[in-house]
2 protein chains.
Amino acid sequence: MGITKTEIFTEEQNRIARIAKVLGHPARIAILEYLFKIQSCICGDLVNEIGLAQPTISQHLKELKNINIIKGTIEGTSICYCIDQEVLNEIQATLTKFLSPFCAREKKSC
Amino acid sequence: MGITKTEIFTEEQNRIARIAKVLGHPARIAILEYLFKIQSCICGDLVNEIGLAQPTISQHLKELKNINIIKGTIEGTSICYCIDQEVLNEIQATLTKFLSPFCAREKKSC
DNA sequence: ATTATTTATCGTAATATTGCAATATATAAT
DNA sequence: ATTATATATTGCAATATTACGATAAATAAT
């Protein structure tokens, strides 16, 4: 059917999956990597850097904004995108906690 | 077009995206959570636990096997699935490294 | 050999995703 | 007001994903 049965899963399971899904495309990984390196940039920079059409980059930016991992501030005619470090930390913590169940439960520290 | 242009991205970018994509469905998150909790189980257990049809669970297991995060060993008529702890650790390290670029580069330890 | 049990595969329908051309929107500069 | 610049949105085609019924395959028990 192509439609995910979100209602049979917990909030947390859906949340983890939603985050991972957004990270599940190399263009979005490339955008984040570039932002890590360059701190902030505008859409046009990413079009040049990555080599996908402007509407395609814009669409990927939208999906990254959906999980708030990036934020954009209007600056003249362009929009300055950067990582939201706080959200990034939360996402990192969420994934680490999920993927390190034994560290989190049995050991206490890794 | 529905087809990802993998050729314009680096191996590492594609690898991270491939891992995240597999984690990008709540059923697969639920399967992993169950395996974390229960250590090992058979397909039928997951069908009961999660509430999706057997072919659907089987398909999700296949995708998890594609990134080797789980492995299955034949045991009579059933197949015993469990987490591959070594691969899990690698995946966790890969995602943490990607999502903590400043920790990895500037600080050295987090 | 037959039957029961368990999982994988095939086929298919419904929906989602990816990518881009064309166009709209919005601000800056002249 | 007009033009240039930058980004978002719309519409569409191609492909991928999700889900499941039907069926195949493979072993265990009788």
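This text follows the structure it describes.
Rules used in this analysis
Residues numbered from 1 in each chain as written. Chains lettered and ligands numbered in written order. Predicted model: local features only at pLDDT ≥ 70, side-chain atom pairs only at ≥ 80, totals over all residues. Heavy atoms only, no water. Contact = heavy atoms within 4.5 Å. Buried area = accessible area lost by both parts, 1.4 Å probe. Salt bridge = Lys/Arg side-chain N within 4 Å of Asp/Glu carboxyl O. Polar contact = N/O pair within 3.5 Å; in protein donor to acceptor, adjacent residues only side chain to side chain. Helix = DSSP H or I, 4+ residues; strand = E, 2+ residues; numbered from the N terminus. Nonpolar A, V, L, I, M, F, W, Y, C, P; charged D, E, K, R; others polar. Pairing = 2+ DSSP bridges. Axes fitted to C-alpha atoms, helices over the stretch in contact; angles between N-to-C directions. Expected span 1.5 Å × (residues − 1). Buried < 20%, exposed > 50% of the residue type's maximum accessible area, 1.4 Å probe, protein only. Least-squares fit on C-alpha atoms with pLDDT ≥ 70 in both. Parallel < 35°, antiparallel > 145°, perpendicular 65-115°, else oblique. Left-handed = near helix turned anticlockwise from the far one by under 90°. Phe/Tyr/Trp six-rings, centres within 6.5 Å; stacked < 30°, edge-to-face > 60°.

Asks: Sorry, what's going on with the interface of chain A and chain B here?
Replies: Quoted interface sizes are often the accessible area lost when the parts come together. On the chain B side, the residues contacting the 34 residues of chain A number 35 residues. Taking both sides of the interface into account, the surface hidden between chain A and chain B amounts to around 3200 Å²; carbon and sulfur atoms contribute 73%. Of all residues in chain A, the largest losses of buried area upon contact with chain B belong to Phe-36, Phe-98 and Leu-99 of chain A, amounting jointly to 20% of the total for that side. Our count for the chain A to chain B interface comes out at zero salt bridges. Summed over the shared surface of chain A and chain B, the number is six residue pairs in polar contact (both at pLDDT 80 or more). Counting residues per element, the ones that place at least two in the side of chain A that touches chain B are helix H1 (11-22), helix H2 (26-38), helix H5 (85-99) and helix H6 (101-107) of chain A. Per-element tally for the side of chain A that touches chain B: the top contributor is H5 of chain A, with eight residues. For the side of chain A that touches chain B, a count of residues per class yields 21 nonpolar, 10 polar and three charged.

Asks: So what exactly am I meant to see when it comes to the side chain of His-60 of chain A here?
Replies: Topologically, His-60 of chain A is positioned in helix H4 (residues 54-66). If near-sequence neighbours (up to four positions away) are discounted, His-60 of chain A is found in contact with His-25, Ala-27, Arg-28, Ile-31 and Leu-52 of chain A.

Asks: Looking at this structure, how should I read the sheet that holds strand E1 (residues 40-42) of chain B?
Replies: What holds strands together in a sheet is hydrogen bonding between their backbones, with the strands either parallel or antiparallel. Residues and elements named next belong to chain B. Taken together, the three strands give an open sheet; going across it, the order is E1-E3-E2, and neighbouring strands pair in antiparallel fashion. The open sheet has two edge strands with one neighbour each: E1 and strand E2 (70-75). The average angle at which neighbouring strand axes cross in this sheet is 30 degrees, direction not considered. Here E1 pairs with strand E3 (residues 78-83) via three bridges, running antiparallel. Among the inter-strand pairings, Ile-42 is bridged to a residue of E3, identified as Cys-80.

Asks: When you look at H2 of chain A in this model, what are you seeing that I'm missing?
Replies: Think of an α-helix as turning once every 3.6 residues; residues three or four places apart then point the same way. Residues and elements named next belong to chain A. Look at H2: 18 Å from first C-alpha to last across 13 residues, which is about the 18 Å you get at 1.5 Å a residue. Counting buried residues in H2 gives 10 out of 13 residues, a clear majority hidden from the surface. Regarding H2, the residues found buried are Pro-26, Ala-27, Arg-28, Ile-29, Ala-30, Ile-31, Leu-32, Tyr-34, Leu-35 and Phe-36.

Asks: I tried to follow the relation of the copies chain A and chain B on my own but got confused; where do I start?
Replies: Both copies of the chain are related by one operation, a rotation about an axis with a shift along it. Expressed as a screw operation, the relation of chain A to chain B combines 0.0 Å of axial shift with a rotation of 180 degrees, fitting to an RMSD of 0.0 Å. Seen this way, the second copy is the image of the first under a two-fold rotation axis. The share of interface residues of chain A whose copies in chain B are also at the interface is 100%, consistent with both copies meeting through the same surface.

Asks: Even after reading the chapter, I still don't get the packing of helix H1 (residues 11-23) of chain B against helix H5 (residues 85-99) of chain B, so can you show me in this structure?
Replies: In a pair of packed helices, the angle between the axes and the distance between the axes together describe the arrangement. All names here are of chain B. The interhelical angle for the contact between H1 and H5, taken along N-to-C directions, is 115 degrees, at an axis separation of 11 Å. With respect to H5, the element H1 is oriented roughly perpendicular. The handedness of the crossing between H1 and H5 comes out as left-handed. For the pair formed by H1 and H5, the contact residues are Glu-12, Arg-15, Ile-16, Ile-19 and Leu-23 on the first element and Glu-90, Ile-91, Thr-94, Leu-95 and Phe-98 on the second. Split into classes, the residues belonging to the contact of H1 with H5 amount to six nonpolar, one polar and three charged.

Asks: How do you make sense of the packing of aromatic side chains when you look at a structure like this?
Replies: For any pair of aromatic rings, geometry is given as the distance between the ring centres together with the angle between the planes. Here the structure, examined in full by the defined rule, presents two aromatic pairs over all chains. Between Phe-36 of chain A and Phe-98 of chain B the ring centres are 5.6 Å apart and the planes differ by 70 degrees, which places this aromatic pair in the edge-to-face class. Of the two residues, Phe-36 of chain A is situated in helix H2 and Phe-98 of chain B in helix H5; the pairing between them involves two chains. Each member of the pair, Phe-36 of chain A together with Phe-98 of chain B, is buried.

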